[in-house]
Amino acid sequence: MARTKIYVPRETAAVSVGADEVALAIARIAKKTAADVELIRNGSWGASWLEPLVEVDVDGTRIAYGNVAADDVESMFVADLLKGGEHARRLGPTTEIPYLINQDRWTFWRCGLINPLSIEDFELHQGFNALSKAFAEGAESVLQAVADSGLRGRGGAGFPTGIKWRTVADAAGDQKYIACNADEGDSGTFSDRMLMEGDPFGLIEAMAIAGFAVGASKGYIYLRSEYPLTHSILSRAIASARDAGWLGEDIKGSGFNFDIDLHLGAGSYVCGEETAMLESLEGKKGIVRYKPPLPALQGLFGKPTVVNNVVSLASVPNIVNLGGDRYSSMGVNRSKGTLAFQLAGNIKRGGLVEKSFGVTLRELIEDWGGGTASGRPVKAVQVGGPLGAYIPAEQLDTPMDYEAFISIGAMIGHGGIVVFDDTADMAQLARFAMEFCAIESCGKCTPCRIGSTRGVEVIDKIIKGENKDENYDLLVDLCDTMEGASLCAMGGMTPFPVRSALKYFAEDFASPNENQT
Amino acid sequence: MATIDEKTTSEIVAEFDSRPELLVQILQTIVMRFGWIPEKTIRQLAGELNLSRADVHGVVEYYHDFRTSEPGRHIVKICQAEACQAMGSRELTRHAETTLAMSLHDTANDITLEPVYCLGNCACSPAVMVNGKTYGRVDAPRFNALLDSLRGDD
């Protein structure tokens, strides 16, 4: 009998709920029962609510078992696991799990499928095809495909990637850089992490394509330090890519040189802002720079630099492979292609859902997410991280579309969707937004540095019922100042969650006395 | 955790080719191995990297990861960000503070308790990091079990 492949994710969420222990138990029992098993540590398919999700390859079909605990493994072997036997944890074929099949997997299609650290497996699944195609067709063809795709920056700002790449390609400079922003600090987001843990070579290939297109020979990945497992996976993948000649001098005889350095952040949220990230990459405090000059013209060490989010970059190989038009045929209006939505917080079926733009917030939360984890009604949803507005349940039918979100005073950002049930205290969450800004402000501009601290104080006074009307006006005024006069989104957008909490959940700001009357 | 000595500091600087633009990476390497950065190391780094002490000090002060006092043998971080709040991290933090008889940012009985703003494990909230490993779906009993496993190490 041939070796049976068993997949257990080595991905932060899966490992955080026991995947390593499950893998150990499988290895132990396989040894004890002399079962011929090949244990593969894959990335996650993104159905975090089912983790640890174990799969067994039965004649080419992967049979999934969900929420497996180490204690389940023995009984799974007894139930003929290697043949996909019936068991309380058995879900059936992975390709029939509705959560996974009803997606549009453009960027994340290899995540879960392959062994992330096997360059052979990557190449078996179209790996480096796009880079080879780029070498064959030339930089201009890549730039055109990216422009045609309508891809916009997935880090949150939504700036057209094609324009950014063109600007750097056209900029004069002896040295140019690709700086990949992997400082995924927004609460409720983990798509960068899942991509890097599940398909690290995909990101490496994408960065090399970007370098080839704009004429950069050096790339940096700025990874947040809160992701130690990602760091280990990514460093191993970079080393393998170098060994295999996909990074380094004269890549595969193309004459193109490109290498990647992996840098760690150090726990600063603002370093996710592109210019602060560049400062940090230069070894300095992560203080936001004035713009202009744009990083595309004077970025890292003053040189023309493409700063792109992980998911923006990782969307490119398929754009090169399949054509920009294919990508832009998905989505709605000016929001082309797909976004990896991340369902988080109080949600029954949390995880990653890559879907074309246009899907509504309600569809994501109800159809995929299954509503709240607590079973209570949804009270508010924060989309786009800590600087995103709190959206009330009445607005759940808003389609995921950059401009539709702007029109309701919200933002899509990096696609994080954090659900709160009706026990959430929106006044405390508004206070937290200001508090977080005070903790994380880089300190360069006054509205952010001082405004956030004053914001906490004023919200405290409102909650206590002190000169309520006056303090309410003061808070609105403070929000205006922060929004209009801050240097970057940290101070400039902290008012979004605050204002939305005030607007839609005013009753939460009532003092205890008022509640009694 | 041991405290970094002069020789090891020089070795780490050499690993990074004494390049001042790698200061954040050098400091991160020190913190990952030793947990904190003593004042004398700041002085030594300034000298070896040809930076002013103010430059190095400023960078150390700026980043949350760069502790300037010795942490406990075990570092427990509880996520305070919104997704974890939606699943009860405020209550979990209070539970931790009560159980350990300490507040966030304190060090006592070999444990340093710290806040963290997102571990990227937001679909398995609340999340906690213990000695560099992330744990998900952490309720009070699971938190207690994690603490017990630390005591088992002693």
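Fair warning: this is a prediction, and the values are worked out from it, not measured in the lab.

What about the overall build of chain B?
Within chain B one finds 7 helices and 5 strands. Mapped from its N terminus to its C terminus, chain B presents α and β elements in the order α-α-α-α-β-α-α-β-β-β-β-α. Its C-alpha atoms give chain B principal-axis dimensions of about 50 × 30 × 25 Å. Looking at the 154 residues of chain B, the share that counts as buried comes to 42%. Counting contacts in chain B only where the partners sit at least 6 residues apart, residues at least 24 apart contribute 62% of the total.

Let's talk about the interface of chain B and chain A
Residue-level contacts link 36 residues of chain B with 45 residues of chain A. Listing elements by their share of the side of chain B that touches chain A, those giving two or more residues are α2 (23-34), α4 (53-62), α5 (82-85) and β5 (133-135) of chain B. Looking at the side of chain B that touches chain A, the element that brings in the most residues is α2(B), giving 5 residues. When its residues are assigned to classes, the side of chain B that touches chain A shows 22 nonpolar, 10 polar and 4 charged.

Examining the domain arrangement of chain A
Residue and element names in this part refer to chain A. Entries for chain A in the domain assignment read domain 1 (4-97), domain 2 (119-327), domain 3 (330-421) and domain 4 (426-516). Distance from the C-alpha centre of domain 2 to the C-alpha centre of domain 3: 26 Å. Contacts between domain 2 and domain 3 engage 18 residues on the former and 20 residues on the latter. For the side of domain 2 that touches domain 3, a count of residues per class yields 5 nonpolar, 10 polar and 3 charged.

A word on unusual backbone geometry
Residue and element names in this part refer to chain A. The step from E51 to P52 runs through a cis peptide bond, and the omega angle for that step is -5 degrees. Looking at the secondary structure, you find P52 in the loop between β2 (37-40) and β3 (54-58). At N333, a residue that is not glycine, the phi angle is positive and equals roughly 45 degrees. Inspection of the secondary structure assignment puts N333 in the loop between β10 (331-332) and β11 (335-336). Looking at N333, the number of C-beta atoms within 10 Å reads 12, which means it is exposed.

Observations regarding the nonpolar core
A:A179, A:C180, A:I209, A:A210 and B:L27 are the most contacted members of the largest nonpolar core, which has 218 residues in total. Counting residues per element, this core draws most heavily on helix α10 (residues 200-214) of chain A, at 11 residues. For A:A210, the contacting residues outside a window of four places in its chain are A:W165, A:I178, A:V306, A:N308, A:L313 and A:V316.

Details of the pairing of β3(A)
Residue and element names in this part refer to chain A. Sheet topology note: the strand β1 (residues 4-7)/β3 ladder contains 2 bridges and is antiparallel. Residue I6 lies in a different strand from β3, and its bridge partner there is V56. Direction of pairing for β3 relative to strand β4 (residues 61-65): antiparallel, over a ladder of 5 bridges. Looking at the pairing, D57 lines up with R62 of β4.

The rules behind the values
Residues numbered from 1 in each chain as written. Chains lettered and ligands numbered in written order. Predicted model: local features only at pLDDT ≥ 70, side-chain atom pairs only at ≥ 80, totals over all residues. Helix = DSSP H or I, 4+ residues; strand = E, 2+ residues; numbered from the N terminus. Buried ≥ 20, exposed ≤ 12 C-beta atoms within 10 Å, placed from the backbone. Contact = placed C-beta atoms within 7 Å. Nonpolar A, V, L, I, M, F, W, Y, C, P; charged D, E, K, R; others polar. Domains from an automatic or database assignment. Core = buried A, V, L, I, M, F, W, Y, C linked by C-beta atoms within 7 Å. Pairing = 2+ DSSP bridges.

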